[in-house]
Amino acid sequence: MNRRTFFQAGERQAIDAVAACVEEVAQLRKGLTAVAQEVLAVGDSVMDSFFDSYEESYSLTLAYPREFFEQMARAAGIHCDERETLDIVRDLYRAGKLG
Amino acid sequence: MKRRTFLKCLGTSAAAATAAGVVFPTAVGAQSKSDIGACRSIKVTVLSETSWFNNDVFKKDITDGGGASTNQYTVPWNRENSGGYSALIEVEALDGSRRKFLMDTGWNNDWMDYVFQRHGIDKMLASGEIDTLLLSHWHLDHYWGIESTLKHNPKIKIIAPNTHYPEDLQLLKGAEFKVAGAKNTVPHQGELLLVDDKTIHAVVPGLAIKQFDVPILLRVRGENVIYANIQGKGIVTITGCCHPGLLTLYNFAKRNIVGGDQTYGCYGGLHLSLFENWDPKFDDIIKGAQSFKPEKMGCNHCTGWAWAEKAAQSGLPIVKGTDTYKSYPKISSVARGSNVFLTNGDTVIF
């Protein structure tokens, strides 16, 4: 290997090393984005809006007979008369009586 | 996120990621969607959708047992009324290869033994042709028949929601709850993969699981929902009971899954007129479902015949079943001649 070849080879190695470094940084950045997404997702839950309406909660609030919820509410001391089922079930949920 | 998962997420294609069975973070609130890959088709065989045979008896059991918030393991259930929910899911990959999964394992072991024998599930479990049980949730009618599965393969992999209670895992390890009539004499020896509600878990390309941590009665919470992405057709949801609500599931796919803008259909219980009750607000759910323009809706179990008939009349593409269910030894007291349910022994291909 003459002096010129020696320096050319060294240059290529240096360039490869820099490229690898850049790639690593790029991948790390992607990874951080993924972690950030997960952190953002932690705050998101179907339950954030579940009791906003019957459209969100029908699988619970409308699927069962109202007397089921009235029985549960009476046992939990929750008032039922002239109240929407949605409101009763929301109170049951907040009281920790569901699931 | 575990370091291994973190590293796997770096620069990997969706296909490679799904092959590895990794999790994708839920992209809610972020800019990107999860790519769950795609499959060519999905075939679902209804092994049993009759969890119980008489609604009045089931309702009475709940009421007399202390009400709908009572721990399901303490209710003296009428054994004669119990059946179970279970389905065979066959996934055809883009290369034409096929994988079979068992979704849920029913309730009454005698019933489930009959069902599994009738459909050859017992042999598929024993041979390893089915090597994974996808448990939708921990309700008795989807889970308590676990012995019927484990007796053929105690090492089967189980993917379930992480919202279990101690009794659920006790039953899995082998236990008996005499009052409730739940029993398993074959301890599970395989992998139990518990899915949380923060990620989308890839099973195979085109098939993924998302857990929704919603409240459910009888002291159960959380349901695993199967999302399938059928190439060129769109997203299909496969549910045990659909406790989060179908519209919520479609909305979730739209916001979080690549290809989720295109809804193709659904299979399973949709949790609407469960006891054949009708509420005018159910009409809004029909309109809501229409807005997603599904092409194929296979429903049964807790959907309620009343809702399915109204949905079909309203133009939703409800897939009609056959009379095969009449050849089973027991028939649901609410089954109707309209055949709007895919019921026991029926199949649907997406």
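Before reading further, recall that the structure is shown in the block above.
Conventions adopted
- Residues numbered from 1 in each chain as written.
- Chains lettered and ligands numbered in written order.
- Predicted model: local features only at pLDDT ≥ 70, side-chain atom pairs only at ≥ 80, totals over all residues.
- Heavy atoms only, no water.
- Phe/Tyr/Trp six-rings, centres within 6.5 Å; stacked < 30°, edge-to-face > 60°.
- Helix = DSSP H or I, 4+ residues; strand = E, 2+ residues; numbered from the N terminus.
- Buried < 20%, exposed > 50% of the residue type's maximum accessible area, 1.4 Å probe, protein only.
- Lys NZ or Arg CZ within 6 Å of the ring centre and 35° of its normal.
- Pairing = 2+ DSSP bridges.
- Right-handed = clockwise from strand over helix to strand, strands pointing away.
- Core = buried A, V, L, I, M, F, W, Y, C linked by side-chain atoms within 4.5 Å.
- Contact = heavy atoms within 4.5 Å.

A. Examining the packing of aromatic side chains more closely. The tally for this structure, following the rule as stated, stands at 23 aromatic pairs over all chains. Centre to centre, the rings of B:Tyr73 and B:Phe177 are 4.6 Å apart; their planes meet at 55°, and the pair counts as tilted. Placement of B:Tyr73 in the loop between helix H3 (55-64) and strand E3 (86-92) and of B:Phe177 in strand E7 (residues 175-177) is noted, with a sequence separation of 104 residues between them. Comparing B:Tyr73 with B:Phe177 shows no difference in burial state: the two are buried. Look at B:Trp77 and B:Trp107: their rings are 5.7 Å apart centre to centre, the planes differ by 85°, and that puts the pair in the edge-to-face class. A residue pair is termed long-range when its members are at least 10 positions apart, and B:Trp77 in the loop between H3 and E3 and B:Trp107 in the loop between strand E4 (98-103) and helix H4 (109-118) qualify at 30 residues. Side by side, B:Trp77 and B:Trp107 carry an identical accessibility label, which is buried. Taken together, the aromatic side chains of A:Tyr64, A:Phe68, A:Phe69, B:Trp52, B:Phe58, B:Trp77, B:Trp107 and B:Phe275 make up a single cluster linked through ring pairs. Between the NZ or CZ atom of B:Arg219 and the centre of the ring of B:Tyr165, over which it lies, the distance is 3.9 Å.

B. Region of interest: the pairing of strand E9 (residues 192-195) of chain B. Residue and element names in this part refer to chain B. Only one face of E9 is covered, namely the one carrying Leu193 and Val195; the face carrying Leu192 and Leu194 has none of its residues buried. Looking at chain direction, strand E6 (residues 157-161) and E9 are connected through 4 bridges and run parallel. By the bridge assignment for E9, isoleucine 158 is matched with leucine 192.

C. Region of the structure containing the pairing of strand E14 (residues 263-269) of chain B. All names here are of chain B. Taken across its 7 residues, E14 has 7 buried, putting it largely inside the fold. Remark: the strand E13 (residues 234-239)/helix H9 (residues 246-256)/E14 crossover connection has right-handed handedness. For the segment spanning E14, helix H10 (residues 282-291) and strand E15 (residues 296-300), crossover handedness is right-handed.

D. Quick look at the nonpolar core. Counting 102 residues, the largest nonpolar core has A:Tyr64, B:Trp77, B:Trp144, B:Tyr227 and B:Trp307 as its most contacted members. In terms of residue count, the dominant contributor to this core is H9(B) (6 residues). Filtering out sequence-adjacent residues up to four positions away, B:Trp77 remains in contact with B:Phe58, B:Asp61, B:Ile62, B:Gln72, B:Trp107, B:Leu140, B:Trp144, B:Val179, B:Ala180 and B:Leu218. With 29 residues, the next largest nonpolar core counts B:Val203, B:Tyr267, B:Val319 and B:Val348 among its residues.

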